[in-house]
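Here are the chains, one letter per residue:
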Amino acid sequence: MSERPHTPLLDQIARPADLKGLSDRQLTQVADELRQETVSAVSETGGHLGAGLGVVELTVALHAVFDTPRDKVIWDVSHQCYPHKILTGRRDRIRTLRKKDGLSGFTKRVESPYDPFGAAHSSTSISAALGFAVARDLGGNVPEGLGDAIAVIGDGAMSAGMAFEAMNNAGHLGKRLIVILNDNEMSIAPPVGALSSYLSRLYAEEPFQELKAVAKGAASLLPEPFREGAKRAKDMLKGMAVGGTLFESLGFSYLGPIDGHDMDQLLPVLRTVKARASGPILIHVLTKKGKGYAPAERADDKGHATATFDVITGKQNKPPSNAPSYTSVFGDELVKLAAKDDKICAVTAAMPDGTGLGLMAERYPSRTFDVGIAEQHGVTFAAALAAGGMKPFCAMYSTFLQRGYDQVVHDVAIQRLPVRFAIDRAGLVGADGATHAGSFDIAYMANLPGMVVMAAADEAELKHMVATAAAHDDGPIAFRYPRGEGEGVDMPEEAEVLEIGKGRMIQTGARVAILSFGTRLGEVKKAAESLSAKGITPTIADARFAKPLDREMILQLAEGHEALITIEEGAVGGFGSHVAQLLAEEGVFDTGLKFRSMVLPDTFIDQASPADMYDVAAMNAPQIEAKVLEVLGIATIGEKRA
Ligand SMILES: Cc1ncc(C[n+]2csc(CCOP(=O)(O)OP(=O)(O)O)c2C)c(N)n1
C-alpha cells in the first residue's frame, strides 16, 4: 500500500456545504488534494480512474456553487463519480469501492442522497435531469427538496440517440435545465463519428469563448470580465458563423468552450449560470481524461479502467493469465473467418477493445464498424448489412444489447435477417455490479421466434460457436460467453460448425441428470466429483443451445433419470424455462420427473468478485451439490444437525 497523500484542506470537508466558506484559491487547493486522494484510492481498489481525474475541478466547482443534494447533479455513466463520492460524505469508505459490501463504482440512489439518480449505462443524464426539472416545476416532493437539475455528460455519451431525444424534448419544454458537456475528446477508445468532429471544430476554429458567446447573444450570461471583452468584440463578429449552433437549434443556450481544469473559468461561469439561467443551457467544458496523473494521461485509454496499481510508477497489478480470455478467442476466430470470407464484417458500439474487435479493425478496417455508443443504431445497421448480403457480427455486451432490444425484435428477428450476435460479458461480471450483469439475454433472445441461442461452456466451444454463427445464413443467431479467462482447455486447431439444436453428453451417470447451458459446466463438474465421493454419479450434459432445444436429448435425460436439473448464468425465463415448457408439454411431469432449474435469483446482485456473486446466486459447486442431494431427498450433514 502506498502512503496516503497529505490533504489538509480536504480533511476538513465532510460534506459539500463545507466548501461554501472557502475562497476560490482554497477551492483550487481542495481540487488538487481531491485529485491525489482519488489516485491513492483507486490505486488500492482499481476501477475507473481517468474519467474521475478529468472532472476533479468540475466536481469541486459544482458542489461549491450549487446546493446539493437539493440541486441534483446527475453524472452520465457515472464512472467519473469517485471524486464526487469523496466530497459527499463517503471518503471514509472510498477504499471499499467496487468491492463486496463496499461502495458502488457508480452513483446509486440507495447509497447517498447526493446520488439523485443511478447510472452506469450511458446517455441517460439529460433525460433524468429533465425529469427532475419538470418534477420541481410541477411541485414534486422529495426529502432533500428539488432545486436545479444539472446533467454532466461526456462527449462519448453525447453521441447516443437518447441524449438528443432528451435535448429535443428539453428544448421544447424550455425549463431551466443545465447540461454540462464534459468534452475530453475520448470515449473508452477515441470517439468516432461526425459529432466528435463537430465538437472539435467548435473550439479548434474559434478559441475565444467570449466571442462566440456574444455572437449568440449570451453575453449577459457571462461574468463581468468576460462580458467586457465580449462587448468589444461584438461588432467584429457580426455575421460570422459560430459554433454551438447544433445545440442552439435544439433550443439550448450554448456557453463555451471553457477550460474545465481552470477554476477561474469554471467558478464564475457556474455562478453566473446559477444566477441567471432561465431555460435550458449547455455549458461546453474542455477537460483531459486522466488529468494530473502522468501514467493515466500517457495510457492509450487515458486510464479509463485500471487494476490496482503502484502510485509512483503507475504499474498495474494484473495477475498472470492461465488461459486466453473468451473475448480474445472470439476476436481471433472472427479474424480467421474474415480472412476466408470477405462478407464477414463486425459492428461494435464504442467497445472495440472490450469486445475483442481490435485485431479485426486492424486487419479489415473497411469491414469493422465502431458506431459509437449507439446500440440501437448498431443493431439496425447490422440488420441492413445482413439484408444487403453481408455477414455481420454484432458484438456487444449482454447488458448494453438491452438498449437495442426493439431493434433485435423488429429489425432483425421479424425479418429473419442473419445477424450474428456475439454477446460478451454474459452472466455476473464482478466489480461493475448489477448494472453490468449480463443476466437477461438468454430470456430476451430465446423468446424470439427464429432466433438461435447458444452459450459456450468453455473457450473451445466458443471457437466452434463463432464458426457456427458464420455458417448460419438462415436467420439470426446469438452466442454468449462470459467476461474473463477461459477454462484452460485444449484449443482445437480448426473450429467445427456445430449442428444447430444439438447438445452434447459430458458424462453418463444415474438417478440425476444435470443439464448445463454455458460456463457453469465447470462448477457442475466440480460438484459431480464431490458427489461421486458420496456414491452419486450424476449424468452431465451440455445443452449448447437454448433455442432450438435438443428435444431428443432432453427427453431422453428426463426418461432415464429420477431428477433433472438445469443450470444457466441467467435470470428466470431463459433456458430452464424453455426446458420446463418442453417437459410440461410432453407430459413428462405427469409421470413424476423431479425437476429443478438453477437460475440467477430474482434480485439485483451487488458488486463483488464473480465467484462471490455466484455464491450469492447459489450457483457454485457446493450449491449445485446441495441441490442434487435435495432433489434426491438426501439431507446434508449440516441440515441433519439443524
Ligand atoms: C449504453 C452503454 N454503452 C456502452 C457503455 C460502455 N462505456 C462506459 S464509459 C464509455 C465511454 C464514455 O465516454 P464519455 O461519455 O466521453 O466519458 P469519458 O469516459 O470520456 O469521461 C463507454 C462506451 C455504457 N456505459 N453504456
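None of these values were measured; they are calculated from a predicted model. Throughout, residues of each chain are indexed from 1 in the direction in which the sequence is written. Residue-level local features of this predicted model are given only where pLDDT is at least 70; pairs of side-chain atoms are given and counted only at 80 or more, and the full residue set underlies all totals for whole chains, interfaces and linings. Values reported for side chains reflect all heavy atoms of the structure, with hydrogen atoms and water molecules removed beforehand.

**Points about the overall build of the protein**
Condition: Think of it this way: any DSSP run of H or I at least four residues long counts as a helix, any run of E at least two long counts as a strand, and we number them from the N terminus. Radius of gyration here uses only the C-alpha atoms, and the compact-globule reference equals 2.2 Å multiplied by the residue count raised to the power 0.38. Between buried and exposed lies partly exposed: a residue is buried under 20% and exposed over 50% of the maximum accessible area for its type, with that area taken using a 1.4 Å probe on protein chains only. Per-residue and other accessible areas follow the Shrake-Rupley method at a 1.4 Å probe size, with only the shown protein chains counted as cover for residues. Charged-residue counts in this description rest on Lys and Arg as positive and Asp and Glu as negative, His and the chain ends being excluded. The location of each charge is read from NZ of Lys, CZ of Arg, CG of Asp or CD of Glu.
Counting its secondary structure elements, the protein contains 25 helices and 17 strands. Against the compact-globule benchmark of 26 Å for 642 residues, the protein has a radius of gyration of 27 Å, which places it among compact chains. If you line up the protein on its principal axes, its C-alpha atoms span 90 × 60 × 50 Å. For the protein, with 642 residues in total, the buried portion stands at 58%. For the protein, the exposed area adds up to about 25,500 Å²; of that, 52% sits on carbon and sulfur atoms. Here the protein carries 66 positive and 81 negative side-chain charges, and the mean point of each set is 4 Å from the other.

**A closer look at the pattern of salt bridges**
What counts is decided by this rule: Note on definitions: salt bridges are taken to be side-chain nitrogens of Lys or Arg within 4 Å of carboxyl oxygens of Asp or Glu.
Scanning all chains against the criterion turns up 37 salt bridges. A salt bridge links Asp 11 to Arg 91, with the shortest nitrogen-to-oxygen separation between them at 2.8 Å. Taken together, the residues span a long stretch of sequence, with Asp 11 in the segment before α1 (24-45) and Arg 91 in the loop between α4 (82-90) and α5 (125-137) at a distance of 80 residues. Residue Lys 20 is joined to Asp 67 by a salt bridge in which the shortest nitrogen-to-oxygen separation is 2.9 Å. Here Lys 20 is found in the segment before α1, whereas its partner Asp 67 is found in the loop between α3 (56-65) and β1 (72-75), with 47 residues between them in sequence. Residue class for Lys 20 comes out partly exposed when judged on its relative accessible area of 38%. On the accessibility criterion, Asp 67 (33% relative accessible area) is partly exposed. Each of Arg 4, Asp 11, Glu 37, Glu 44, Arg 91 and Arg 95 takes part in salt bridges that share partners, so that together they form one network.

**Description of the nonpolar core**
As a reminder of what qualifies: To define a nonpolar core, start from buried Ala, Val, Leu, Ile, Met, Phe, Trp, Tyr and Cys residues and group those joined through side-chain atoms within 4.5 Å. Contacts are assigned to residue pairs with any non-hydrogen atoms lying within 4.5 Å of each other.
Leu 62, Ile 180 and Ile 283 are the most contacted members of the largest nonpolar core, which totals 51 residues. Beyond its immediate chain neighbours, meaning those up to four positions away, Ile 180 contacts Leu 58, Leu 62, Ile 150, Ala 151, Val 152, Ile 153, Leu 270, Ile 283 and Val 285.

**Concerning the packing of aromatic side chains**
Defined as follows: Only centres within 6.5 Å qualify two rings of Phe, Tyr or Trp (six-membered ring in Trp) as a pair; their planes then separate them into stacked at under 30 degrees, edge-to-face at over 60, and tilted for everything else. We call a charge positioned above a ring when the Lys NZ or Arg CZ atom is no farther than 6 Å from the ring centre and deviates by at most 35 degrees from the ring normal.
The final tally for this structure, using the stated rule, is 14 aromatic pairs. Seen in terms of ring centroids, Phe 393 and Phe 479 are 6.3 Å apart; in terms of plane orientation they differ by 70°. Their pairing is edge-to-face. Pair noted here: Phe 393 is in strand β8 (residues 391-397) and Phe 479 is in strand β11 (residues 477-480), with a separation of 86 residues, a long-range link. There is no split in this pair, since Phe 393 and Phe 479 are both buried. An aromatic cluster is defined as three or more aromatic residues linked by ring pairs; in this entry it consists of Phe 330, Phe 393, Phe 479 and Tyr 481. The cationic tip of Arg 367 hangs over the ring face of Tyr 364; the distance from NZ or CZ to the ring centre is 4.5 Å. Positioned above the aromatic ring of Tyr 614 is the side chain of Arg 520, whose terminal nitrogen or guanidinium carbon lies 3.7 Å from the ring centre.

**Some details on the site of the ligand**
Put simply, the test is: Only heavy atoms are used to decide nearness, and a residue is near a molecule or strand if one of them lies within 4 Å of it. Any pair of nitrogen or oxygen atoms within 3.5 Å is treated as a polar contact; in protein, a donor-acceptor pairing is required on top of that, and neighbouring residues in sequence qualify only through side-chain atoms on both sides. Here the term charged refers only to Asp, Glu, Lys and Arg, the term nonpolar to Ala, Val, Leu, Ile, Met, Phe, Trp, Tyr, Cys and Pro, and the term polar to all other amino acids, Gly among them.
Not every one of the 22 residues close to the ligand is listed here, only the nearest: His 79, Gly 156, Met 186, Lys 289 and Glu 375. His 79 is positioned such that a nitrogen or oxygen atom in its side chain is 2.7 Å from an oxygen atom of the ligand. Between the ligand and the protein, one listed contact pairs a nitrogen atom with a side-chain N or O atom of Glu 375 at 2.7 Å. When the free accessible area of the ligand is taken as 590 Å², the share hidden by the protein chains comes to 98%. Class assignment for the residues of the shell around the ligand results in 10 nonpolar, eight polar and four charged.

**Notes on the side chain of Arg 95**
Structurally, Arg 95 can be placed in the loop between α4 and α5. Among the residues examined, Arg 95 registers a relative accessible area of 13% and is labelled buried. Once residues lying within four places of it in the same chain are set aside, the contact partners of Arg 95 are Arg 4, Glu 37, Ser 40, Ala 41, Glu 44 and Thr 45.

**Describing the environment of Ala 275**
Topologically, Ala 275 is positioned in helix α11 (residues 263-276). Distance in space between the C-alpha atoms of Ala 275 and Asp 18 is 21 Å, their sequence separation being 257 residues.

**Some thoughts on the packing of α1 against α4**
Helix-helix packing is characterised by the crossing angle of the two axes and by the distance between the axes. For clarity, the threshold we go by: Think of each axis as a best-fit line through the C-alpha atoms, taken over the contacting stretch in the case of a helix, with angles from 0 to 180 degrees between the N-to-C directions. Roughly parallel here means an angle under 35 degrees, roughly antiparallel means over 145, roughly perpendicular means 65 to 115, and every remaining angle is called oblique. When the near helix sits turned anticlockwise from the far one by under a right angle, the crossing is termed left-handed; a clockwise turn instead gives a right-handed crossing.
In the contact formed by α1 and α4, the axes pass within 10 Å of each other and the chain directions differ by 110°. Looking at the two axes, α1 sits roughly perpendicular to α4. As α1 packs across α4, the resulting crossing turns out to be right-handed. Of α4, the residues touching α1 (which contributes Val 30, Leu 34, Glu 37, Thr 38 and Val 42) are Tyr 82, Pro 83, Ile 86 and Leu 87. The residue inventory of the contact of α1 with α4, partitioned by class, reads seven nonpolar, one polar and one charged.

**Quick look at the sheet that holds strand β12 (residues 504-507)**
Threshold: One requirement defines pairing of two strands: DSSP has to find at least two bridges between them.
Overall, mixed pairing links the five strands, which are arranged β12-β14-β13-β16-β17 in an open sheet. On the outer flanks of this sheet lie β12 and β17 (594-598), each paired with one strand and no other. Strand-to-strand twist in this sheet, taken as the mean axis angle between neighbours without regard to direction, amounts to 20°. Here strand β13 (residues 512-517) pairs with strand β16 (residues 563-568) via six bridges, running parallel. Residue pairing across strands places Leu 515 opposite Thr 566, the latter belonging to β16. Against the sheet, helix α20 (residues 521-532) makes contact with β12, β13, β14 (539-542) and β16, and its axis sits at roughly 170° relative to β14, the strand it touches most. Those strands touched by helix α24 (residues 621-631) are β13, β16 and β17, and its axis lies near 160° from that of β17.

**Observations regarding α4**
Counting buried positions along α4 gives eight out of nine residues, so the element sits mostly inside the fold. If you check which residues of α4 are buried, you get Tyr 82, Pro 83, His 84, Lys 85, Ile 86, Leu 87, Thr 88 and Arg 90. Its buried side turned inward, α4 meets α1, α2 (50-54), α3 and β1.

**Details of the pairing of strand β3 (residues 177-183)**
Our working definition: When the strands point away from the viewer, a crossover counts as right-handed if the path from the first strand over the helix to the second runs clockwise.
For β3, a buried count of seven out of seven residues is recorded, marking the element as mostly surrounded by other parts of the structure. Neither face of β3 is open: one carries Leu 177, Val 179, Leu 181 and Asp 183, the other Ile 178, Ile 180 and Asn 182, and all of them are buried. Taken together, strand β2 (residues 149-154), helix α6 (residues 161-173) and β3 constitute a β-α-β crossover, and its handedness is right-handed. Note: β3 against strand β5 (residues 280-286), seven bridges, orientation parallel. Counterpart to Leu 181 in the pairing with β5 is His 284.

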